[in-house]
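Analysis of the macromolecular model
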Amino acid sequence: MATNPKKPLTIFLWNANGILQHLNELQIVLNVKKIESNHPDGTAHGGAALIISNQIEHSPMPPLRSCNIQSASTTLKINSVPISIASCYFSSGISFPTPELIIFLQSLSHCYILGADFNAKHQTWSRSTNTRDRALHNLITQKHLKVLSSPSPTYWPSHVNRHPDTINFFITNLPNRFTANATNLNDPASDHTPVLLHIGAQPQMKPNRPTITPGFTNWNKFRDILSKKTILNIKLKSPSNIDSAIKKLTNDIQVAAKDSSTMRPSNNPSSNLTPELRKLLADKRRAKIDLATNSLPR
């Protein structure tokens with residue numbers, strides 16, 4: 001989840017299908033804080049993580065770790081409205097856990113956005129329907145939720161007998177005054193296409209910490225500069241003497257802080273990647289999409 005004071009809130013949803021092997025690609029897009037919920041059996045499958053900008057004021061919620069649902073969530077304010085943001089993974093191969101999902105939704109704020117790999121297909125958002133998917137659709141209908149899905153498929157199986165489909169999307173009960181638009185992002189490479197959700201509203205941001213030493217400060221250098229500038233044998237016999245001494249000391253501290261500090265380098269990990277490598281990562285994603293598309297039965 002990323003934000004900019006001049007841009008709406010953006011939520012990035014992606015089943016990386018193994019985060020370690022796609023870490024460089026994820027770092028290209030994000031520079032944020034992570035909240036995670038692993039699968040309860042501790043093995044490397046399933047699980048969910050919520051990665052949020054440190055600039056956004058938010059309150060992490062307890063993770064949900066069950067065999068059916070894994071979720072990481074937090075609550076923030078968008079246009080002063082408390083809203084829960086949840087990242088979930090729904091295990092496949094079992095009946096859809098409707099009762100468990102209902103209980104989880106009740107634990108969130110009155111308004112919420114839930115982005116997930118639902119492992120569920122329905123003609124409302126996908127190209128096929130089965131019993132598991134009808135259970136999710138019924139729940140969405142009963143609770144009057146909105147489905148926010150991207151225009152293109154989000155799952156690109158490598159098997160020639162399987163079709164690309166949409167199983168990664170958002171459900172929400174956001175008020176109608178909030179505009180929301182979901183699009184595909186084709187660059188990161190896994191068998192799932194990331195989805196970008198743009199919310200036409202601003203989250204509450206953390207206030208900037210007042211400081212006279214932006215960036216990194218060499219405190220030894222600061223001490224040396226201030227020691228050389230400090231004059232101890234000055235007159236302090238009148239109010240004007242004291243005011244002048246305070247003004248000089250304040251100025252000396254500010255100058256020493258500026259001269260001993262350097263601006264922080266960019267935290268964008270993509271700056272460490274060459275343009276050639278970034279292009280290769282993008283080509284990898286597009287090649288998998290082309291392979292899946294051209295392998296479909298005709």
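For every chain, the first residue of the written sequence is number 1, and numbering continues from 1 along that sequence. With the structure being a predicted model, the display of local features is reserved for residues of pLDDT at least 70 and the display and counting of side-chain atom pairs for 80 or more, all residues being used for whole-chain, interface and lining totals. Only heavy atoms go into the side-chain values, all of them from the structure, while hydrogens and water stay out.

The next point concerns helix H4 (residues 219-229). Of the residues making up H4, those classed as buried are Phe-222, Ile-225 and Leu-226. Down the axis of H4, the buried side of the element spans an arc of 95°, and every buried residue falls inside it. Two residues form a contact once any of their heavy atoms are found within 4.5 Å. Helix numbering and strand numbering both begin at the N terminus, where a helix is a DSSP run of H or I of at least 4 residues and a strand a DSSP run of E of at least 2. Those residues of H4 hidden inside the fold are in contact with helix H5 (239-259). Relative accessible area decides the class of each residue, using a 1.4 Å probe on protein chains only: under 20% of the type maximum gives buried, over 50% gives exposed, and in between gives partly exposed. The directions considered for the arc are those from the helix axis to the C-beta atoms.

Next up on the list: the packing of helix H2 (residues 98-106) against helix H3 (residues 131-142). For every element, the axis is a line fit to its C-alpha atoms; helices are fit only across the contacting stretch, and the angle between N-to-C directions ranges from 0 to 180 degrees. As a packed pair, H2 and H3 sit with axes 11 Å apart at the nearest point and diverge in direction by 35°. Between H2 and H3 lies a crossing whose hand is right-handed. When H2 is examined against H3, the residues Thr-98, Leu-101 and Ile-102 are found in contact with a partner set consisting of Ala-135, Leu-136 and Leu-139. Here a crossing is called left-handed whenever its near helix is offset anticlockwise from the far helix by less than a right angle, and right-handed whenever the offset is clockwise.

To continue, consider the confidence of the model for the chain. Every residue carries a pLDDT, the predictor's confidence in it, which falls somewhere between 0 and 100. On average, residues of the chain score 79 in pLDDT, and 74% of them reach the 70 mark or higher. Strand S1 (residues 2-4) is the least confidently modelled element of the chain, averaging 45 in pLDDT, while H2 averages 95, the highest of any element. Considering only residues more than four positions removed or in separate chains, one finds that residues 2-6, a stretch of pLDDT under 50, has ten contacts. Within the model, pLDDT remains below 50 along residues 31-37, and this stretch shows 35 contacts once partners closer than five positions in the same chain are excluded.

Quick look at the nonpolar core now. Buried residues of nine kinds, namely Ala, Val, Leu, Ile, Met, Phe, Trp, Tyr and Cys, make up a nonpolar core once their side-chain atoms join them within 4.5 Å. Counting 23 residues, the largest nonpolar core has Ile-83, Ile-113, Phe-170, Phe-178, Leu-197 and Ile-199 as the members making the most contacts within it. Among the secondary structure elements, those contributing two or more residues to this core are strand S2 (7-13), strand S4 (48-52), strand S7 (69-78), strand S8 (81-90), strand S9 (111-117) and strand S13 (195-199). Look past the residues within four positions of Ile-113 in its chain and what remains in contact with it is Ile-11, Ile-83, Ser-84, Ile-85, Ala-86, Phe-170, Ile-171, Thr-172, Leu-174, Leu-197 and Ile-199.

The phi dihedral of Ser-80 falls on the positive side, at around 70°, and the residue is not glycine. A residue is classified by how much of its surface remains accessible, and Ser-80, at 64% relative accessible area, is exposed. Positive phi outside glycine occurs at His-144, with the angle close to 55°. Inspection of the secondary structure puts His-144 in the loop between H3 and strand S10 (146-148). Note on His-144: relative accessible area 68%, which makes it exposed.

Moving on, we get to the pattern of salt bridges. Just to be clear on terms, a salt bridge is a Lys or Arg side-chain nitrogen sitting within 4 Å of an Asp or Glu carboxyl oxygen. Evaluation of the coordinates by the stated rule reveals three salt bridges. Between Arg-223 and Asp-224 there is a salt bridge, with the nearest N and O atoms lying 4.0 Å from each other. You can call Arg-223 partly exposed: its relative accessible area is 46%. Here Asp-252 makes a salt bridge to Lys-248, at a shortest N to O gap of 2.7 Å. With a gap of four residues between them, Asp-252 and Lys-248 both fall in helix H5, about one helical turn apart. Looking at Asp-252, the relative accessible area reads 7%, which means it is buried.

This part takes up the side chain of Gln-70. With respect to the secondary-structure elements, Gln-70 resides in strand S7. The class for Gln-70 is buried, based on a relative accessible area of 0%.

What follows is about the packing of aromatic side chains. Put simply, two rings from Phe, Tyr or Trp (the six-membered ring, in Trp's case) pair if the centres are within 6.5 Å, and we call them stacked under 30 degrees between planes, edge-to-face over 60, tilted for the rest. Taken as a whole and assessed by the stated rule, the structure comprises six aromatic pairs. Measuring from ring centre to ring centre gives 4.5 Å for Phe-118 and Phe-169, while their planes differ by 20°; the resulting arrangement is stacked. On the criterion of sequence distance, the pair formed by Phe-118 in the loop between S9 and H3 and Phe-169 in strand S11 (residues 168-172) is long-range, its members being 51 residues apart. The two residues Phe-118 and Phe-169 agree in class, both being buried. One aromatic cluster in this structure is built from Phe-90, Phe-96, Phe-118, Trp-125 and Phe-169.

What follows covers H3. The α-helix winds at 3.6 residues per turn, so residues separated by three or four positions along the chain end up facing the same way. Expected span of a helix: the number of residues minus one, times 1.5 Å. Along its twelve residues, H3 runs 16 Å from first to last C-alpha, staying within 8% of the 16 Å computed at 1.5 Å per residue. All buried positions along H3 are accounted for by Arg-132, Asp-133, Leu-136, Leu-139 and Ile-140. The buried residues of H3 occupy one face: seen down the axis, they fall within an arc of 120°. Counted as exposed and oriented over 90 degrees from the buried face of H3: Thr-131 and Gln-142. Looking one or two residues past H3, His-144 carries a phi angle of roughly 55°, positive in sign.

Here we come to the side chain of Ser-66. The topology assignment puts Ser-66 in the loop between strand S6 (64-65) and S7. In this structure Ser-66 comes out as buried when scored by relative accessible area, which is 14%. One polar contact links the side chain of Ser-66 to the main-chain amide nitrogen of Ile-69, over a distance of 3.0 Å. As used in this structure description, the phrase polar contact means that two N or O atoms lie within 3.5 Å; if the pair is within protein, one of them must be able to donate a hydrogen and the other to accept it, and residues adjacent in sequence are counted only when both atoms belong to side chains. Separated by 2.4 Å, the side chains of Ser-66 and Glu-100 make a polar contact.

Our next topic: the pairing of S7. With eight of ten residues buried, S7 is to be regarded as a mostly interior element. With three bridges joining them, strand S5 (residues 58-60) and S7 adopt antiparallel strand pairing. Its bridge partner lying in S7, Ser-59 is registered against Thr-75. In this structure, S6 lies alongside S7, joined through two bridges in antiparallel fashion. The residue bridging Leu-64 from the neighbouring strand is Ser-71, located in S7. Two strands make a pair as long as DSSP finds a minimum of two bridges between them. Following S7, the chain reverses through two residues before pairing antiparallel with S8; Asn-79 in that reversal takes a positive phi of roughly 50°.

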